[in-house]
Amino acid sequence: MEACFAAFDKDEDNSININEFSAICKALFRTEKGKPYKMDSQQISDLFMIFNVSGDGSMSKQEFVYCWNGWIKKIVRPTTAFVIVDVQNDFISGSLAIINCPASQNGEDVVVPINHLIDTVPFDMHCYSLDWHPSDHVSFIDTVHLRKLHVDSKIQEPDKCNLYDTVVFEGPPKTEQTLWPRHCVQESWGAELHKDLKVHPNGRVIHKGVNPNIDSYSAFYDNAKLGKTCLEEMIRKEGCADLYICGIATDVCVASTAFHALELGFRTVLIEDCSRGIREENISATFARVRAEYGCVVHSSEVKAMVQGRDRRPELGYKLALECRKNINYPMKNKNSKFNNMPVNPDGTLASTIESNHNTVK
């Protein structure tokens, strides 16, 4: 930290100004070949003001300590989890094989590139999610008669339901549900991972969709967010900040997992060629939303350099900075004060200050 601060404090005033911080960003955000990524002046200014807590235009040594520990170090030395979503038989060649869906994508195509990443990329953690449904699961078209349809449901007679229709069940809770073929029933062949998919020796398995009355696309939460899996807790325990997500289907379970990862504050990377989806327009929308929320959509060939910290993307840095901002309480003269989670004093000063011994900002 000291060496970095000294190297960029060009005017030796024991602080970092906006021009010096711009030089830090230029050195920090680079391609695998060492070429700086383009960043506009507004992006750099926004980042600077996140860490220049006082808002005085000069980042003090104390402020830089938090910037180093909470931001720079995590970008240079990323901690990563590989999250492989639902690469199961039923989605590949079974009852809900996505090759029969409008995009006609073959789920089996993901196996080889995922295996290559498992063999060659030093992820800190490997996670495999499994749809793991009880036999009377709410998503199965052949169980629609087991639950009362809500008056808001456009279809009111179970016998008139077709595959992929959307109905509304009375609950509780009131639930809008797409009706799928019976799939991934617990302990069945269809629920097993594809036979050629490599399972890392230390891989963790997360079962989802186990509640018969609520579907669960995401590997983090059920669709109503009434319950959650153990995935977040496992990742936090391992100290991973970056999630590389892929699997089946891109625009359903992979999408929901990626969106929740972003919502939970993880730096999120969706691996395009390791995923296959159902509808082209929804796949494109998934990619657009991930990018809009400061995640990345990449090819598997780009992953190793990113995991090793040799390819450092500005959008992921921006996402991390936004998470850092949540831990900071700003004085009123800093434009970020509108995001404060704690009160400020009447004169605009902080109600509590930076605690350098904890390397954090309260």
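Structure: above.
Calculation rules
Residues numbered from 1 in each chain as written. Predicted model: local features only at pLDDT ≥ 70, side-chain atom pairs only at ≥ 80, totals over all residues. Heavy atoms only, no water. Salt bridge = Lys/Arg side-chain N within 4 Å of Asp/Glu carboxyl O. Helix = DSSP H or I, 4+ residues; strand = E, 2+ residues; numbered from the N terminus. Contact = heavy atoms within 4.5 Å. Axes fitted to C-alpha atoms, helices over the stretch in contact; angles between N-to-C directions. Parallel < 35°, antiparallel > 145°, perpendicular 65-115°, else oblique. Nonpolar A, V, L, I, M, F, W, Y, C, P; charged D, E, K, R; others polar. Buried < 20%, exposed > 50% of the residue type's maximum accessible area, 1.4 Å probe, protein only. Pairing = 2+ DSSP bridges. Right-handed = clockwise from strand over helix to strand, strands pointing away. Phe/Tyr/Trp six-rings, centres within 6.5 Å; stacked < 30°, edge-to-face > 60°. Lys NZ or Arg CZ within 6 Å of the ring centre and 35° of its normal. 1 Å grid on protein atoms, 1.4 Å probe; cavity = no way out; pocket = protein on both sides within 12 Å on 5 of 7 lines; lining within 4 Å. Points joined across faces, edges and corners; volume = space filled by probe spheres on them.

Caption draft 1: Seen up close, the pattern of salt bridges. One pass over the full model with this rule turns up 22 salt bridges. When the shortest N-O distance is used, the salt bridge between Glu2 and Lys61 registers 3.0 Å. Residue Glu2 is located in helix H1 (residues 2-8), and its partner Lys61 is located in helix H4 (residues 61-76); the two are separated by 59 residues in the primary sequence. Put simply, Lys335 and Asp46 hold a salt bridge, and the shortest N to O gap is 2.7 Å. Of this pair, Lys335 sits in the segment after helix H11 (314-325) while Asp46 sits in helix H3 (residues 41-51), and the two are 289 residues apart along the sequence. Sharing partners across several salt bridges, the network here consists of Asp86, Asp131 and Lys208.

Caption draft 2: The arrangement of the side chain of His126 in detail. Counting through the fold element by element, His126 comes out in strand E4 (residues 125-131). What His126 contacts, discounting residues up to four positions off in sequence, is Phe82, Ile118, His200, Asn202, Gly203 and Arg204.

Caption draft 3: Expanded view of the packing of helix H2 (residues 18-28) against H3. Taken N-terminus to C-terminus, the directions of H2 and H3 make an angle of 105°; their axes are 10 Å apart at the nearest point. Taken together, the axis directions place H2 and H3 in an arrangement best described as roughly perpendicular. Counting all contacts with H2, which are made through Ile18, Phe21, Ser22 and Cys25, the residues of H3 involved are Ile44, Ser45, Leu47 and Phe48. Classifying every residue of the contact of H2 with H3 by side-chain character gives six nonpolar, two polar and no charged.

Caption draft 4: Molecular detail of the pairing of strand E9 (residues 267-276). Of all ten residues in E9, nine are buried; the element is thus mostly enclosed. Pairing of strand E8 (residues 242-248) with E9 involves six bridges; the strand directions are parallel. Looking at the pairing, Tyr244 lines up with Val269 of E9. Traced from E8 through helix H8 (residues 250-263) to E9, the parallel crossover comes out right-handed. On the question of chirality, the crossover connecting E9 to the parallel strand E10 (residues 296-298) by way of helix H9 (residues 280-292) is right-handed.

Caption draft 5: Expanded view of unusual backbone geometry. Between Gly171 and Pro172 the backbone carries a cis peptide bond, its omega angle lying at 10°. Relative to the assigned elements, Pro172 resides in the loop between strand E5 (166-169) and strand E6 (175-178). Note the cis peptide between Pro172 and Pro173, where omega equals -5°. Within the secondary structure, Pro173 is located in the loop between E5 and E6.

Caption draft 6: Seen up close, the pairing of E5. Alignment of E5 against E6, held across four bridges, turns out to be antiparallel. Its bridge partner being in E6, Val167 is matched across the sheet by Gln177.

Caption draft 7: Up close: the sheet that holds E4. Taken in spatial order, the six strands of this open sheet run E7-E4-E3-E8-E9-E10, and their pairing is parallel. Here the strands that pair on one side only, and so sit at the sheet edges, are strand E7 (204-208) and E10. The average undirected angle you get between the axes of adjacent strands in this sheet is 25°. One ladder, built from six bridges, connects strand E3 (residues 80-85) with E8; its direction is parallel. In the strand pairing of E8, Ile84 is matched with Cys246. Packing against the sheet, H11 makes contact with E9 and E10, and its axis sits at approximately 135° to E9.

Caption draft 8: Main features of the packing of aromatic side chains. This model, assessed by the stated rule, comprises eleven aromatic pairs. With centroids separated by 5.2 Å and ring planes inclined at 65°, the aromatic side chains of Phe5 and Phe64 adopt a geometry described as edge-to-face. In this pair, Phe5 sits in helix H1 while Phe64 sits in helix H4, placing the two residues 59 residues apart along the sequence. Judged by its relative accessible area of 3%, Phe5 is buried. Using a relative accessible area of 0% as the deciding quantity, one classes Phe64 as buried. Every member of this aromatic cluster is reached through a ring pair, and the members are Phe21, Phe29, Phe48, Phe51, Tyr66 and Trp71. The residue whose ring lies beneath Lys61 is Phe5, and the NZ or CZ to ring-centre distance is 5.1 Å.

Caption draft 9: Representation of the layout of surface pockets within the structure. Of the pockets and cavities examined, the largest pocket occupies roughly 440 Å³. Lining of the largest pocket is provided by 23 residues; of these, Gly70, Lys74, Arg236, Ala241 and Leu320 occupy positions nearest its centre. If you tally residues by element for the lining of the largest pocket, the top one is H4, at four residues. The residue inventory of the lining of the largest pocket, partitioned by class, reads nine nonpolar, seven polar and seven charged.

Caption draft 10: Here's a closer look at the environment of Ser58. Take Ser58: it is sitting in the loop between H3 and strand E2 (59-60). The class of Ser58 is partly exposed, set by a relative accessible area of 23%. Expressed as a C-alpha distance, the spacing of Ser58 and Val76, which sit 18 residues apart in the sequence, is 23 Å. Apart from the residues within four sequence positions on either side, Ser58 is in contact with Ser15, Ile16, Phe48, Asn52 and Glu63.

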